[in-house]
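Topology and contacts: notes
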Amino acid sequence: MATSSNHQILAETFDRWAAAGRAAEMEVEHGDVARQVIAGMGIRAGDQILDLGCGNGWSTRLLAKAAAGAQATGIDISPAMIAEAERLHSNTIRARYAVGAFEKLDLPDARFQRGFSLEALYYSPDPAAALVEVLRVMKPGGTFDVVIEYYAENEGTAFWPEQTRVPMIRWSEAQWQAEFERAGFVELAARRVVDSRGLGEPERFKPSLCYPSWQTWSDVHSAGFLWLHAVKPR
Ligand SMILES: C[S@@+](CC[C@H](N)C(=O)[O-])C[C@H]1O[C@@H](n2cnc3c(N)ncnc32)[C@H](O)[C@@H]1O
């Protein structure tokens, strides 16, 4: 796959999303599920945490605040998203942000106890390479938690690449788990996470790019996000 031209498409697309205020909207859309997953990650005092596809850094800041002395690093291919992350940054939070690609992380080996990625990994032009890179930068025994709404069993999302004009990888839960194992991760676990705020009121529903109708919104919401958990061998 032509990774560099795909990276260019991703950077251009998500720069546009940042300019259009989509990063803040995604915080509203994904915030509840992110909090559920982060609460279940068992982040400990002083952990170093990687946030892949951090967008404007809202989840990076949540991760950094999850335990005393934890430090979070957000990586994103979109310079405009990282500029937003820096603009929104508070010096009281131990977070940093960098422009970079999942498939070639400019980070040292064995740096992180925790990895997290929300609604991002399926955009990778080469998720297998991204998983190998994450394994490299994790400490032995470190955990990687990936959360995605675009996966094969979530049928209501199938039209997203056509709608957004961004290429996406559509794997099933079993395919994702097989790729994690192929990269070298162990102790795979998977579950679905449903937004605890529910569907909301149909009268107040606002159509958007990925949820153009109430029916789509309700199908996708009910299917839930796929939460994949994996461990780097000790
Ligand atoms: C849908 S947004 C999700 C942002 C944030 N995690 C959230 O849930 O609000 C996906 C993000 O992943 C980034 N991204 C996608 N593919 C990437 C890659 N191969 N390398 C680095 N960043 C990537 C995009 O630039 C974008 O900001």
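Here the structure is shown first, and the text comes after it.
Being a predicted model, the structure only gives us computed values, none of them experimental. (Residues numbered from 1 in each chain as written. Predicted model: local features only at pLDDT ≥ 70, side-chain atom pairs only at ≥ 80, totals over all residues.)

1. A closer look at the overall build of the chain
- When its secondary structure is counted, the chain shows 8 helices and 7 strands.
- If one aligns the C-alpha atoms of the chain with their principal axes, the spans along those axes are about 50 × 40 × 35 Å.
- For the chain, with 234 residues in total, the buried portion stands at 38%.
- Long-range pairs, those at least 24 residues apart, make up 71% of the contacts in the chain between residues at least 6 apart in sequence. (Helix = DSSP H or I, 4+ residues; strand = E, 2+ residues; numbered from the N terminus. Buried ≥ 20, exposed ≤ 12 C-beta atoms within 10 Å, placed from the backbone. Contact = placed C-beta atoms within 7 Å.)

2. Observations regarding the site of the ligand
- Inspection of the region around the ligand gives 20 residues, with Phe 14, Met 26, Gly 53, Gly 55 and Ile 77 positioned closest.
- For the shell around the ligand, the secondary structure elements donating two or more residues are helix H1 (3–19) and helix H2 (22–40).
- Here the shell around the ligand takes 3 residues from H2, the largest share from any one element.
- Its residues assigned to classes, the shell around the ligand comprises 11 nonpolar, 6 polar and 3 charged. (Near = placed C-beta within 6 Å. Nonpolar A, V, L, I, M, F, W, Y, C, P; charged D, E, K, R; others polar.)

3. Digging into the pairing of strand S1 (residues 48–52)
- Across the 5 residues of S1, 4 count as buried, placing the element largely inside the fold.
- Pairing geometry for S1 and strand S2 (residues 71–76), over 5 bridges, is parallel. Counted as the bridge partner of Gln 48 is Gln 71 from S2.
- Strand direction decides the pairing type here: S1 and strand S4 (residues 112–118), joined by 4 bridges, are parallel. Bridging across to S4, Ile 49 finds its partner in Arg 114. (Pairing = 2+ DSSP bridges.)

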